[in-house]
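Residues per chain are reported as follows:
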2 protein chains.
Amino acid sequence: MKSFRTLLLLLILFAPSLLVAECLTRGTGDMGIIIERAAGSLKVVDTSARRELFRVEGLGDLSHASAVYSRDARYAYIFGRDGGLTKVDILCGRIVKRIVQGGNSIGGAISQDGSLIAVSNYEPGGVKVFSSDDLSLVADIPATTVTDREGNKKGSKTVGLVDAPDQRFVVSLYDSGESWIIDMDTPANPSIQRFEKIGRLPYDALITPDGRYYIAGLFGQDGLSLLDLWHPEQGPRLILEDYGRGQQKLPVYKMPHLEGWAMAGGRAFLPAVGQHSVLVVDSTEWRELKQIPVHGQPVFVMARPDGRQIWVNFAFPHNDTIQVIDTETLDIVKTLKPGKGTLHMEFSPRGEEVWISVRDKDEVQIYDTRTLQQTHRLSVDKPSGIFFTSRAHQTGL
Amino acid sequence: MKSFRTLLLLLILFAPSLLVAECLTRGTGDMGIIIERAAGSLKVVDTSARRELFRVEGLGDLSHASAVYSRDARYAYIFGRDGGLTKVDILCGRIVKRIVQGGNSIGGAISQDGSLIAVSNYEPGGVKVFSSDDLSLVADIPATTVTDREGNKKGSKTVGLVDAPDQRFVVSLYDSGESWIIDMDTPANPSIQRFEKIGRLPYDALITPDGRYYIAGLFGQDGLSLLDLWHPEQGPRLILEDYGRGQQKLPVYKMPHLEGWAMAGGRAFLPAVGQHSVLVVDSTEWRELKQIPVHGQPVFVMARPDGRQIWVNFAFPHNDTIQVIDTETLDIVKTLKPGKGTLHMEFSPRGEEVWISVRDKDEVQIYDTRTLQQTHRLSVDKPSGIFFTSRAHQTGL
């Protein structure tokens, strides 16, 4: 009986470690998630071993999902199309908490210090801010009220929400044509700086990797709106006003994602809306340097982390293709055919590999960015967004 | 007896989890190490809770130590002055393996894919490359033989070792005035491209954050050597040839660290050797724009991650001070007095805080970079280098 008691004592002592036995003790620096858009699930992956660690289900409608990471790179926050906000523990492969915070969310951001999660909503409009710890509501910021075609009043859709240095968020209002800087220094009482008439129908935005420039794409007119966050007192200004003007416009199959704009060597590379070209822009003067003709309407235009290459995917019906542009010669150096539904790509943090979602093949393909050859593949159910944990350390991602 | 057996079975089943019970199951994205230079130990820290997690002893002579991280951000590799290379598991707070690989090492790097650790040595010179897994020797690259003042032949000291994209390392040879590009695509058979006569006595080097330019500081002449890794066929060229010329030189109390050079907004900020100034250099043309007079001889000149501020510490006898420079106005906006032996600093990945080692106070001070006020302190025995895990994802760090 004495050894029985000893054993019992041991079990009680180590009960906590038994309870977490299914969780992994490992570094999170080489992990990531892949959204399975149709199943409403995600896969947690190890980017060193290039294998799946967990599958997490029950995340709702992920048809247009995005994600950010906690500053410890353990938790992913997934923003779903259905207004769902889900906190996933990637070391244990399980949902920590899930709330449906709005009717139709289209993206979110995490504050510089990692304490706050902001979500932008189409329905009912506005921005909600939550504690990253327990997803409790910290601030509810209503959008400007607009009147729709039927004469009904509603909150403007909010789009292009990003985090910025100094504990700020920046967001644009689609219907009312505004950009807002939201200072969360006092979380319960956000201080908002509103800029009106930034341009017609901002539909998405990006912040440059250094967190200085906030640039909103405009659906209702030519050009883009630029806000210098080092000098908000100067207000937003219109740039690239002649972009697209005088050209025959093609139907827009899919709005490009501005978060994917690439900065490399003093130049920005961005998708030309509705055109088969990538714009090359001087990122000091913000003027157009060149248009590079490409295979289709670009969706994501992303720089390899060292800025040597730009990788581009395309909207339907050209979404089976990736093109690689050399940032020095501006030539297309490779055209790849991963397959139909090539939806998203993510570079390893130091750029030696890129992971590409190929929806219709139910696989993620991995390419060596030096040889431009496919080296591995992973089975994933209708993959879309791929998000690696290195995003935890980057402004605007 | 039946319950006894059940308990025994349970214990056996969960034995592995009991064995790792002292290790932490947590994200590694907000962790770091602080070198305790006198004690030959280090502290593992949590940068979110701002507290110590482990103290690891037995790392040898750490009087000039540096560190890199594995790609999963679980393991730190510490390069000691005594030629020691130590692999530390920061989740378990223990040494995994320690070897003394050379007589006097001065730094190291981890390959782009994370598989290789390279170490540069003063004694016997040359570069050794190890497996990051078990620290087994993969390649031993001897330095160019030189003849010293006494007529003895020896290998040149190797300095300024960095990792570069495409699985390369770059290093300089102090005595023979060379820079080498070491391509590790075939690890057992490195391919070496040698550039001779780069300038007299290169003493340290940096690689720009995008991995394109390798710049070596020269102790034996004015100017610096620049190698464009996108165009190695052009060879290195001398830049800033007039830097320092015609000025009264002060005795150099401590060679500045070139790894700390800061890039922000198309400009590089770098310590002027032996002078009380920070050089501002156009990083496209690589010509000097301005010299900013500062409090002493700068040692580390580091950009806040968003490039808005440059923080500078100084050599003895001015090593009780930090100055903060606004990168737009180039004015000194703040002079801080952390205390004597202000040796190193490290920014949180997204820049909201900076941690500063103050050796003679046995503490690390934490500052809010927005208010420039000290907010926290941590007791550390004679702290020097601070290295956060976000370095795992950055080229050249």
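Predicted model, so just to flag it, every value in this text is computed and none were measured.

A. Inspection of the overall build of chain A at higher detail. Scanning chain A from terminus to terminus reveals 2 helices and 34 strands. Taking 397 residues into account, the globule formula puts the C-alpha radius of gyration at 21 Å, and chain A, at 22 Å, falls close to it. Taken along its principal axes, the extent of the C-alpha atoms in chain A is 90 × 50 × 40 Å. In chain A, which comprises 397 residues, the share counted as buried stands at 62%. Considering only contacts in chain A between residues 6 or more positions apart, those separated by 24 or more positions represent 41%. Total accessible area computed for chain A in this model is approximately 15,300 Å², and 49% of it derives from carbon and sulfur atoms. Counting 44 positive and 48 negative side-chain charges, chain A places the averaged centre of each group 4 Å from the other.

B. Just the interface of chain A and chain B, in detail. Tallying the contact residues gives 56 residues for chain A and 56 residues for chain B. Approximately 4,900 Å² of surface area, both sides summed, lies buried where chain A meets chain B, with 52% of it carried by carbon and sulfur atoms. Applying the counting criterion to the chain A and chain B interface returns 10 salt bridges. Across the pair B:Arg71 and A:Glu352 runs a salt bridge, and its minimum N-O distance is 3.3 Å. Remark: the boundary between chain A and chain B carries 32 residue pairs in polar contact (both at pLDDT 80 or more). Counting only elements with at least two residues in the side of chain A that touches chain B, the list comes to α1 (2–13) and α2 (15–19) of chain A. The element that contributes the greatest number of residues to the side of chain A that touches chain B is α1(A), accounting for 6 residues. A per-class count over the side of chain A that touches chain B returns 17 nonpolar, 20 polar and 19 charged.

C. Representation of the sheet that holds strand β32 (residues 363–368) of chain B within the structure. Residues and elements named next belong to chain B. Spatial strand order, β30-β31-β32-β33: 4 strands in an open sheet with antiparallel pairing. Each end of this open sheet is capped by a strand with a single partner; those strands are β30 (342–347) and β33 (373–379). Sheet twist, expressed as the average angle between the axes of neighbouring strands with direction ignored, equals 25°.

D. Representation of the pairing of strand β8 (residues 104–110) of chain B. Residue and element names in this part refer to chain B. Of all 7 residues making up β8, 6 are buried, and the element is well covered by its neighbours. In this structure, β8 lies alongside strand β9 (residues 116–123), joined through 6 bridges in antiparallel fashion. Residue pairing for β9: Ala-109 is matched across the bridge by Ala-118. Between β8 and the antiparallel strand that follows it, β9, lie 5 residues; Gly-114 among them carries a positive phi value of about 80°.

E. Local environment of the state of the cysteines. All names here are of chain A. Under the defined criterion, the tally for this structure stands at 2 disulfides over all chains. Here Cys-23 engages in a disulfide with Cys-92; their sulfurs sit 2.1 Å apart. Disulfide Cys-23 to Cys-92: torsion about the S-S bond roughly 115°, handedness right-handed. Linking Cys-23 in the loop between α2 and β1 (31–36) with Cys-92 in the loop between β6 (84–89) and β7 (94–100), this pair joins segments that are 69 residues apart in sequence. A single burial state applies to Cys-23 and to Cys-92, both of which are buried.

F. Up close: the side chain of A:His344. All names here are of chain A. Secondary-structure assignment places His-344 in strand β30 (residues 342–347). In this structure the side chain of His-344 is engaged in a polar contact, spanning 2.8 Å, whose partner is the backbone nitrogen of Ile-386. Once you skip the residues sitting within four places of it in the chain, His-344 turns out to touch Phe-300, Asn-313, Trp-355, Ile-356, Ser-357, Ser-384, Gly-385, Ile-386, Phe-387 and Arg-391.

So, how was this worked out
Residues numbered from 1 in each chain as written. Chains lettered and ligands numbered in written order. Predicted model: local features only at pLDDT ≥ 70, side-chain atom pairs only at ≥ 80, totals over all residues. Heavy atoms only, no water. Helix = DSSP H or I, 4+ residues; strand = E, 2+ residues; numbered from the N terminus. Rg over C-alpha atoms; globule rule 2.2 N^0.38 Å. Buried < 20%, exposed > 50% of the residue type's maximum accessible area, 1.4 Å probe, protein only. Contact = heavy atoms within 4.5 Å. Areas by Shrake-Rupley, 256 points an atom, 1.4 Å probe, with all protein chains shown as cover. Lys, Arg positive; Asp, Glu negative; His and termini not counted. Charge placed at Lys NZ, Arg CZ, Asp CG, Glu CD. Buried area = accessible area lost by both parts, 1.4 Å probe. Salt bridge = Lys/Arg side-chain N within 4 Å of Asp/Glu carboxyl O. Polar contact = N/O pair within 3.5 Å; in protein donor to acceptor, adjacent residues only side chain to side chain. Nonpolar A, V, L, I, M, F, W, Y, C, P; charged D, E, K, R; others polar. Pairing = 2+ DSSP bridges. Axes fitted to C-alpha atoms, helices over the stretch in contact; angles between N-to-C directions. Disulfide = S-S within 2.5 Å.

Scope: geometric values only; no functional claims are made or implied.
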